[in-house]
Amino acid sequence: MLVPDPKAVRRLLTRYASLRIALAERETPEAVRELADVSYTLCVMTGTKDVRDAVAAADALLDGSAKPTPQQPQRSGITAPGPGHVPGAVIPDRASLRQ
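The rules behind the values
- Residues numbered from 1 in each chain as written.
- Predicted model: local features only at pLDDT ≥ 70, side-chain atom pairs only at ≥ 80, totals over all residues.
- Heavy atoms only, no water.
- Core = buried A, V, L, I, M, F, W, Y, C linked by side-chain atoms within 4.5 Å.
- Buried < 20%, exposed > 50% of the residue type's maximum accessible area, 1.4 Å probe, protein only.
- Helix = DSSP H or I, 4+ residues; strand = E, 2+ residues; numbered from the N terminus.
- Expected span 1.5 Å × (residues − 1).
- Salt bridge = Lys/Arg side-chain N within 4 Å of Asp/Glu carboxyl O.
- Axes fitted to C-alpha atoms, helices over the stretch in contact; angles between N-to-C directions.
- Parallel < 35°, antiparallel > 145°, perpendicular 65-115°, else oblique.
- Left-handed = near helix turned anticlockwise from the far one by under 90°.
- Contact = heavy atoms within 4.5 Å.
- Nonpolar A, V, L, I, M, F, W, Y, C, P; charged D, E, K, R; others polar.

A short note on the nonpolar core
- Judged by nonpolar contacts, the single largest core of 16 residues is most densely connected at Leu13, Tyr16, Val38, Leu42 and Val55.
- Those elements giving two or more residues to this core turn out to be helix H1 (6-25), helix H2 (29-46) and helix H3 (51-63).

Observations concerning the environment of leucine 2
- Along the polypeptide, leucine 2 turns up in the segment before H1.
- Relative accessible area serves as the criterion here: at 81%, leucine 2 is assigned to the exposed category.

A closer look at H3
- For H3, which comprises 13 residues, the first-to-last C-alpha distance of 18 Å matches the rise-based estimate of 18 Å (1.5 Å per residue) to within 8%.
- Looking at H3, one finds that the buried residues are Val51, Ala54, Val55, Ala56, Ala57, Ala58, Asp59 and Ala60.
- Once H3 ends, the next one or two residues include glycine 64, with phi positive near 80°.

A few points about the pattern of salt bridges
- Scanning the entire structure with this criterion turns up two salt bridges.
- One salt bridge connects aspartate 50 with arginine 52, and the closest N-O pair in it is separated by 2.8 Å.
- For arginine 52, a relative accessible area of 25% puts it in the partly exposed group.

Regarding the packing of H1 against H3
- Two elements in contact, H1 and H3, have axes separated by 10 Å at closest approach and are oriented at 135°. Accordingly, the angle class assigned to the pair H1 and H3 is oblique. Considering only the axes of H1 and H3, their crossing is left-handed. For the pair H1 and H3, contact is made by Pro6, Val9, Arg10, Leu13 and Tyr16 and by Val51, Val55, Ala58, Asp59, Leu61 and Leu62, respectively.
- Looking at side-chain class alone, the contact of H1 with H3 contains nine nonpolar, no polar and two charged residues.

Here it is as structure tokens:
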């Protein structure tokens, strides 16, 4: 199994958190698109389908622990919203990324 570069994972988690903060302050179409892209990339890098699981898997990777199971994700300071709360919370379909 391929393991993503921890530096790349850390950059994505940092960008994800920054975009979540930016969207909480002021929602812009650019930030929404970028959050969707970052969320998608986190999911691809961690082999997950939901950004909440991707954040937990990325945290586990950076902590050096085993990848958490979907039933028992490990959580840290970065949290992802439930589906529908913030655009990009779940991997968007390809058609919506082209808009």
